[in-house]
Amino acid sequence: MAHEFPVHVYYEDTDMAGIVYHANYLKYIERARSDWVRGLGIDQNALRVAEGLVFVVRRIEADYLGPARFEEELLVRTEVKSVSGVRLGLSQEVMRDGKPLFRAEVTLVAITSEGHPARLPAAIRQLVH
């Protein structure tokens, strides 16, 4: 099931031409992932404190398909593509009126507070599977 997250383009998101600066798409999809995780009932701060685990982006493959502009309303769509013991694969799109402007394939992993790889907790794997 896909998660949807609305984004409004502010002036600060754009370059001199009024087009969303490329790095801001990464911010949009990060916000959408955070909202998705929170919506699943996962408290990332509690997970960090109790188990010493945090989620990090291991890999992003991104395609810029069209420009978004100042004052536009966008939608970020997030879908789970794969789940394993150590990786979570997501597909994310930033769209305007149903038309994709940006696509990313994102791989998330868990690490310990010392920065070592860790298995994704079984309860979380079940939530997203």
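Because the structure is predicted, anything quoted here is derived from the model rather than measured.

Novice: What am I meant to see in the packing of aromatic side chains here?
Specialist: Note on aromatic pairs: each is described by the distance of the centres and the angle between the planes. The tally for this structure, following the rule as stated, stands at five aromatic pairs. Plain terms: the ring middles of Y25 and Y28 are 6.1 Å apart, the flat faces sit at 75° to each other, and that makes the pair edge-to-face. With a gap of three residues between them, Y25 and Y28 both fall in helix α1 (residues 22–39), about one helical turn apart. Grouping residues by exposure puts Y25 and Y28 together as buried. Between Y25 and Y64, the aromatic rings sit 5.7 Å apart at their centres with planes inclined by 70°, giving edge-to-face as the arrangement. Pair noted here: Y25 is in helix α1 and Y64 is in strand β2 (residues 53–64), with a separation of 39 residues, a long-range link. Through a chain of ring-to-ring contacts, the aromatic side chains of Y25, Y28, Y64 and F102 assemble into a single cluster.

Novice: Mind showing me how you'd approach the environment of S113 here?
Specialist: Within the fold, S113 resides in the loop between β5 (99–112) and β6 (117–118). Residues S113 and E51 lie 62 residues apart in sequence; the distance between their C-alpha atoms is 9.0 Å. A polar contact is formed between the side chain of S113 and the side chain of E114, at a distance of 3.2 Å.

Novice: Any chance you could explain the pattern of salt bridges here in plain terms?
Specialist: Two side chains carrying opposite charge are able to pair once their charged atoms lie near each other. Tallying each qualifying case throughout the model produces seven salt bridges. Among the salt bridges present, the one from E30 reaches R33, with a minimum N-O distance of 2.3 Å. Of the two residues, E30 and R33 both sit in helix α1, three residues apart, roughly one turn of that helix. For R59, the salt bridge goes to E61, with nearest N and O atoms at 3.3 Å.

Novice: I'm lost on the confidence of the model for the protein in this one. Help?
Specialist: Close reading of the predicted structure is inappropriate where its pLDDT is low. In the predicted model, the protein carries a mean pLDDT of 95, and the fraction of residues at 70 or more is 100%. Mean pLDDT across the secondary structure elements of the protein bottoms out at helix α3 (residues 122–128), with 89, and peaks at strand β1 (residues 3–8), with 98.

Novice: Honestly, a nonpolar patch on the surface in this entry has me stumped. Any pointers?
Specialist: On the surface, a nonpolar cluster with roughly 320 Å² of combined accessible area is contributed by L26, V57, I60 and Y64. Looking at the nonpolar patch, the element that brings in the most residues is β2, giving three residues. For I60, the position within the fold is in strand β2.

Calculation rules
- Residues numbered from 1 in each chain as written.
- Predicted model: local features only at pLDDT ≥ 70, side-chain atom pairs only at ≥ 80, totals over all residues.
- Heavy atoms only, no water.
- Phe/Tyr/Trp six-rings, centres within 6.5 Å; stacked < 30°, edge-to-face > 60°.
- Helix = DSSP H or I, 4+ residues; strand = E, 2+ residues; numbered from the N terminus.
- Buried < 20%, exposed > 50% of the residue type's maximum accessible area, 1.4 Å probe, protein only.
- Polar contact = N/O pair within 3.5 Å; in protein donor to acceptor, adjacent residues only side chain to side chain.
- Salt bridge = Lys/Arg side-chain N within 4 Å of Asp/Glu carboxyl O.
- pLDDT = per-residue confidence, 0-100.
- Patch = residues over 30% accessible without salt bridge, like charges linked within 9 Å, V, L, I, M, F, W, Y side chains within 5 Å.
- Areas by Shrake-Rupley, 256 points an atom, 1.4 Å probe, with all protein chains shown as cover.

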